[in-house]
2 protein chains.
Amino acid sequence: MRAAVIEIGSRDKILDAAEDLFSRRGFAGIGMREVADAVGLSKSSLFHHFSSKAELYAAVVGRILDIIDQRTMAALAIGGDVLTRFDRWLDTLMDTLAEHHNAGRLLLRSLFEDDELNGTSAEERHVDETIKHVFGAVSRLLQEGMQAGVLRKRSIPHVLQSLVGLTVYHFASGEFGEEMFGQSLFTPQLVRHRKDEVKALLHDGLMSGRARVTTKRGKGGSES
Amino acid sequence: MRAAVIEIGSRDKILDAAEDLFSRRGFAGIGMREVADAVGLSKSSLFHHFSSKAELYAAVVGRILDIIDQRTMAALAIGGDVLTRFDRWLDTLMDTLAEHHNAGRLLLRSLFEDDELNGTSAEERHVDETIKHVFGAVSRLLQEGMQAGVLRKRSIPHVLQSLVGLTVYHFASGEFGEEMFGQSLFTPQLVRHRKDEVKALLHDGLMSGRARVTTKRGKGGSES
DNA sequence: TTGACCACCGACCGATCGGACGGTATTAGC
DNA sequence: GCTAATACCGTCCGATCGGTCGGTGGTCAA
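(A) Region of interest: the interface of chain A and chain B. Counting from both sides, the interface comprises 48 residues of chain A and, opposite them, 48 residues of chain B. Counting the surface lost from both chain A and chain B, the interface buries some 4,500 Å², and carbon and sulfur atoms represent 59% of this. The largest contributions to the chain A side of the interface with chain B come from F112(A), H158(A) and Q161(A), which together make up 18% of the buried area. Between chain A and chain B we count three salt bridges in total. Of the charged contacts, one joins E179(A) and K132(B) as a salt bridge, the two residues approaching to 3.2 Å between their closest N and O atoms. Where chain A meets chain B, there are 15 residue pairs in polar contact (both at pLDDT 80 or more). Looking at the side of chain A that touches chain B, the elements with two or more residues in it are α1 (10–29), α6 (103–113), α7 (122–147), α8 (156–172), α9 (174–181) and α10 (188–206) of chain A. Of the residues forming the side of chain A that touches chain B, the biggest block, eleven residues, is contributed by α8(A). Grouping the constituent residues of the side of chain A that touches chain B by class yields 20 nonpolar, twelve polar and 16 charged.

(B) Region of interest: the relation of the copies chain A and chain B. Once chain A is rotated about the relating axis by 180° and shifted along it by 0.0 Å, it coincides with chain B to within an RMSD of 0.0 Å. Such a combination of turn and shift is consistent with a two-fold rotation axis. A share of 100% of interface residues in chain A that are also interface residues in chain B marks the association as one of identical surfaces.

(C) Focus on the protein's contact with DNA strand C. Around DNA strand C sit 17 residues, and of these S10(A), S42(A), S44(A), H49(A) and K43(B) come closest. Put simply, 50% of the atoms of DNA strand C that lie within 4 Å of the protein are in sugar or phosphate. Between a phosphate oxygen of DNA strand C and a main-chain N or O atom of I30(B), the distance comes to 3.2 Å. Side-chain polar atom of K43(B) to a base oxygen of DNA strand C: 2.5 Å apart, as the coordinates give it. Mapped onto the surface near DNA strand C, the elements with two or more residues apiece are α3 (43–49) of chain A together with α2 (32–39) and α3 (43–49) of chain B.

(D) Summary view of the packing of aromatic side chains. Residue and element names in this part refer to chain A. For the structure on display, the rule yields eleven aromatic pairs over all chains. Site record: aromatic cluster; members linked through ring pairs are F22, F27 and Y57. The ring of F27 has K53 sitting right over it, with the charged end atom 4.3 Å from the ring centre.

(E) Helix α8 (residues 156–172) of chain B, seen in detail. All names here are of chain B. For α8, which comprises 17 residues, the first-to-last C-alpha distance of 23 Å matches the rise-based estimate of 24 Å (1.5 Å per residue) to within 8%. Residue G165 marks the point of greatest curvature in α8, where the axis turns by about 25°. Summarising burial for α8: 16 of the 17 residues are buried, a large majority. Positive backbone phi, at 55°, marks G174, one or two positions downstream of α8.

(F) Layout of the protein's contact with DNA strand D. The full set close to DNA strand D counts 17 residues, and K43(A), S10(B), S42(B), S44(B) and H49(B) are the nearest of them. Expressed as a percentage, the sugar and phosphate content of the atoms of DNA strand D within 4 Å of the protein is 48%. The backbone of M32(A) places a nitrogen or oxygen atom 2.8 Å from a phosphate oxygen of DNA strand D. Going through the elements one at a time, α2 (32–39) and α3 of chain A together with α3 of chain B are the ones with two or more residues in the surface near DNA strand D. The biggest single contributor to the surface near DNA strand D is α3(B), with four residues. Grouping the constituent residues of the surface near DNA strand D by class yields four nonpolar, ten polar and three charged.

What counts and how
Residues numbered from 1 in each chain as written. Chains lettered and ligands numbered in written order. Predicted model: local features only at pLDDT ≥ 70, side-chain atom pairs only at ≥ 80, totals over all residues. Heavy atoms only, no water. Contact = heavy atoms within 4.5 Å. Buried area = accessible area lost by both parts, 1.4 Å probe. Salt bridge = Lys/Arg side-chain N within 4 Å of Asp/Glu carboxyl O. Polar contact = N/O pair within 3.5 Å; in protein donor to acceptor, adjacent residues only side chain to side chain. Helix = DSSP H or I, 4+ residues; strand = E, 2+ residues; numbered from the N terminus. Nonpolar A, V, L, I, M, F, W, Y, C, P; charged D, E, K, R; others polar. Least-squares fit on C-alpha atoms with pLDDT ≥ 70 in both. Near = heavy atom within 4 Å. Phe/Tyr/Trp six-rings, centres within 6.5 Å; stacked < 30°, edge-to-face > 60°. Lys NZ or Arg CZ within 6 Å of the ring centre and 35° of its normal. Expected span 1.5 Å × (residues − 1). Bend = angle between axes of the 7 residues up to and from the residue. Buried < 20%, exposed > 50% of the residue type's maximum accessible area, 1.4 Å probe, protein only.

Okay, here's the thing in structure tokens:
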């Protein structure tokens, strides 16, 4: 009979520890020994669950990408007009990045390292597909807004880059960002503030004149 | 007598090679052996010029930070009203990032890794001071613009984060960004396009109504 | 009781890591 | 000619790297 208490499988415990470590010092900066010590297992046991270090890394990245994918897609699925869905998408993305402290940095890091770490394993293909899935959905949303005349006509790839830069980078900026704000990036009030600032900048910067009506600030997303 | 041809000192050749390698695989991902091979020297010779790997890394980061510092400060020193200086600052920053292909990625990487790689060496203190110098100048510019009523009143730390996210991240996004745009991030036309997009977003997003007059696009900065 | 499967382990492997050390060739100043 | 400094090199070191291998103890079905 399974224990009633929170029983976390070894595989997930490994992923948790590896996520923390990889996000802080990157793929090359972390040894399997260090991960094993953090979990409380032996190094050989890690290879029982993951066939290689690269596969463990891909699994870590894939897991948080799945969370982001699921959350942002669910946010879009609720419906509403383009602006409502866009705001909700932003809120959800930033809430997710705020909830998972390692997500931003891990994502940016993986974006840097997979230039050489490109493999063809199942996990790595899954990562690529998930990224495309997330970006595809928001691309279509932007396109819909531009065609409807509610968003300014801008280059979609550039807007995507700007979205990543405004959201993911901020939550990945670590000690640098914390020194700038004088507090942790993940305090509820700073998260709320960031969401407001990003949305305000994008409202004024992206919305066409006739769509930009009441930009109510401070009434953010679901949680944070 | 010194040779008339382009004579590059070994120290600079080491910095060049290390910049390239570190920007691609990070501090932990590169061994001194690899740097030495790229320069055409032996590993021991690197330790003749730099007392440790960490110092070499700090020297690499410090060098490109110095370039950015000098260029952006010179751009501000030319003068003009707040909006003119702000635009010129953006142009100069992005031109510099576009010229030095490794700069963006190296900067973001160093921002990530020095959370644990924080030292008290002379070079590392210089890096910190240079960063503060650059951000201090643009902070004062933003403040001036907000007080003059020509820029919307926004949280300056958040605007700084947004500036980094919109500029440095883009030029650091590597293969990921190139797949999105279908071309190298450093082609002249894409650089020009990015500068226009960022300036347009910030014009609409930051400028107060009465200041936002003729946002002429496509008439960017000095070079690229 | 047996055998298959599972999670896990210690010991070990060749390779590579950052770095120390001693030595050599060249140059400049005396 | 001697000395000092500079730039460079080969060799060696202890530690750590990712990964393999041969186990051990436990659980469950036959």
